[in-house]
Amino acid sequence: MQKLLVTGASGFLGWYITEAATTWQVIGTYWHHRNIAQSPYSVPVDLTNQQAVQQLFQDQKPDAVVHAAALSQPNACQQHPNLSYKINVLAAWQIAEECARLDIPCVFTSSEQVFDGTQAPYREIDPVSPINLYGEHKALAETGMLARHRKVIVCRMPLMFGAAPTASSFIQPFIQRLRTGEQLQAFTDEIRMPLSGWDAAQGLLLTLEQKYQGILHLGGPASLSRFAMAKILVEVLGIDQANITPCKQADVQMAAPRPQNLAMDNTIALKLGFKPQDFRSALLTIRDRL
Ligand SMILES: NC(=O)c1ccc[n+]([C@@H]2O[C@H](COP(=O)([O-])OP(=O)(O)OC[C@H]3O[C@@H](n4cnc5c(N)ncnc54)[C@H](OP(=O)(O)O)[C@@H]3O)[C@@H](O)[C@H]2O)c1
């Protein structure tokens, strides 16, 4: 079996990738969360440490890489710009360089937040226009990685959800509030294309199978507002006492500015064989674990 190195295997998406990559021998990296440490194929690495990254590639000699480690919360990036730059930009560039040295494919999990949210749906060829530091750093990582290695696959991921045992997605805090009857304020003017963690992992692995190169949009099948997502969650989970209040982005103060409509055109991914489930259907398949 060929060896797949998954960075950020202890994170939400990393867990799905390691579960889905059944045709690979998977080596996963983690840093602060040792929840995958029981696996003999997991290694602790601080990816902001250049020597440690070099050592990782020398020791593991992977046949392919999925780089999913990141400071993934836009507000945290805005509040910790240096850390965001180190992990979201510099580490990504170094990983592309290591992959170039080995001449192996490198899948990078970028984000729809490289766009400003005013010109949706976005295609792969559209110019980036980030409005927060997370998006800016993802955009820098993309260009730097693509310039360093021709076998880089930049996958722009949408808002993801699921029931990974390792880390939570945006639906867990929603569900917690909905089940306890606490007020949940949900934006009516923030539009995203939610994608299940399982489908996201399948899409990422598909790009390796298909030897794709360049930028690819892996959006979910439909655009939904956060408010619409909350209503579907209530319906699928059969929650009686839910207290959802519609609101606008402008009503809530946050560290990072938020793009409004981040719908992506995923025509190329669909042609490649990407088959994402819609939000309701995907929730139904994981309902018992929520
Ligand atoms: N979740 C979404 O909705 C979404 C949407 C668009 C794009 N993305 C992108 O998709 C990727 C995965 O996101 P996610 O939601 O799975 O993120 P996550 O749950 O926050 O996991 C982040 C992962 O990165 C690792 N990490 C962070 N700093 C590190 C460091 N200095 N050295 C080594 N590892 C480090 C973490 O390791 P430890 O926890 O062990 O420290 C963890 O495994 C990210 O690139 C993110 O930007 C996510």
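Under an unreviewed UniProt entry, the name given to the chain is dTDP-4-dehydrorhamnose reductase, and the organism recorded is Romeriopsis navalis LEGE 11480. Regarding the chain, the UniProt comment filed under Function (unreviewed entry) reads as follows: "Catalyzes the reduction of dTDP-6-deoxy-L-lyxo-4-hexulose to yield dTDP-L-rhamnose." Taken verbatim from the UniProt record of the chain, the Pathway (unreviewed entry) comment is "Carbohydrate biosynthesis; dTDP-L-rhamnose biosynthesis."

Let us now look at the overall build of the chain. When you go through the chain residue by residue, the secondary structure sums to ten helices and 13 strands. A compact globule built from 290 residues should have a C-alpha radius of gyration of about 19 Å, and the chain, at 18 Å, falls within 12% of that. Seen through its C-alpha atoms, the chain measures out along the principal axes to roughly 55 × 40 × 40 Å. Sorting the 290 residues of the chain into buried and exposed places 54% on the buried side. Excluding contacts between residues fewer than 6 apart, the proportion of contacts in the chain whose partners are at least 24 apart in sequence is 77%. Surface summary for the chain: the accessible area is close to 13,000 Å², and the carbon and sulfur share equals 49%. Taking the average place of the 24 positive charges on the side chains of the chain and the average place of its 24 negative ones, the gap between the two points comes to 2 Å.

L4, I17, I171, L208, L233, F279 and L283 are the most contacted members of the largest nonpolar core, which has 59 residues in total. Here the element with the most residues in this core is helix 8 (residues 226–237); it accounts for eight residues. Each of domain 1 (2–160 + 196–217) and domain 2 (169–193 + 222–264 + 278–289) gives at least three residues to this core. What F279 contacts, discounting residues up to four positions off in sequence, is F161, F170, I171, P194, L224, M229, I232 and L233. Grouped together as the second largest cluster of nonpolar side chains are 28 residues, V65, I104, A141 and M145 included.

Our focus in this paragraph is the site of the ligand. If you check the shell around the ligand, you find 28 residues, and the closest are S10, H32, H33, S72 and Y134. A distance of 2.6 Å separates an oxygen atom of the ligand from a polar atom in the side chain of H33. Within the side chain of K138, one N or O atom sits 2.8 Å away from an oxygen atom of the ligand. Bound to the protein, the ligand loses 87% of the 900 Å² it would expose on its own. Elements that contribute at least two residues to the shell around the ligand include exactly helix 1 (12–20), strand 5 (106–111) and helix 5 (133–148).

Here the focus is the domain arrangement of the chain. On domain assignment, one finds that the chain holds domain 1 (2–160 + 196–217) and domain 2 (169–193 + 222–264 + 278–289). Computed over C-alpha atoms only, the centres of domain 1 and domain 2 are separated by 26 Å. At the interface, 22 residues of domain 1 touch 18 residues of domain 2. Between domain 1 and domain 2 lies a buried interface of about 1,800 Å² when both sides are counted; carbon and sulfur atoms form 65% of it. Of all residues in domain 1, N75, E112 and L159 bury the most surface against domain 2, accounting for 32% of the area lost on that side. Our enumeration of links across domain 1 and domain 2 arrives at one salt bridge. Our count for the domain 1 to domain 2 interface comes out at six residue pairs in polar contact (both at pLDDT 80 or more).

Moving on, we get to the pattern of salt bridges. Evaluated as defined, the whole model comprises twelve salt bridges. Linking E98 and R101 is a salt bridge whose minimum nitrogen-to-oxygen distance equals 3.3 Å. One end of the pair is E98 and the other is R101, both in helix 4 (residues 81–102) and three residues apart, which spans about a single turn. Residue E98 is classed as buried on the basis of its relative accessible area of 5%. For R226, the salt bridge goes to E190, with nearest N and O atoms at 2.9 Å. Residue R226 is located in helix 8, and its partner E190 is located in the loop between strand 8 (183–187) and strand 9 (191–192); the two are separated by 36 residues in the primary sequence. Residue classification places R226 among the buried positions, given a relative accessible area of 9%.

Rules and cut-offs
Residues numbered from 1 in each chain as written. Predicted model: local features only at pLDDT ≥ 70, side-chain atom pairs only at ≥ 80, totals over all residues. Heavy atoms only, no water. UniProt positions renumbered as here; feature names shortened; annotations may be inferred. Helix = DSSP H or I, 4+ residues; strand = E, 2+ residues; numbered from the N terminus. Rg over C-alpha atoms; globule rule 2.2 N^0.38 Å. Buried < 20%, exposed > 50% of the residue type's maximum accessible area, 1.4 Å probe, protein only. Contact = heavy atoms within 4.5 Å. Areas by Shrake-Rupley, 256 points an atom, 1.4 Å probe, with all protein chains shown as cover. Lys, Arg positive; Asp, Glu negative; His and termini not counted. Charge placed at Lys NZ, Arg CZ, Asp CG, Glu CD. Core = buried A, V, L, I, M, F, W, Y, C linked by side-chain atoms within 4.5 Å. Domains from an automatic or database assignment. Near = heavy atom within 4 Å. Polar contact = N/O pair within 3.5 Å; in protein donor to acceptor, adjacent residues only side chain to side chain. Buried area = accessible area lost by both parts, 1.4 Å probe. Salt bridge = Lys/Arg side-chain N within 4 Å of Asp/Glu carboxyl O.

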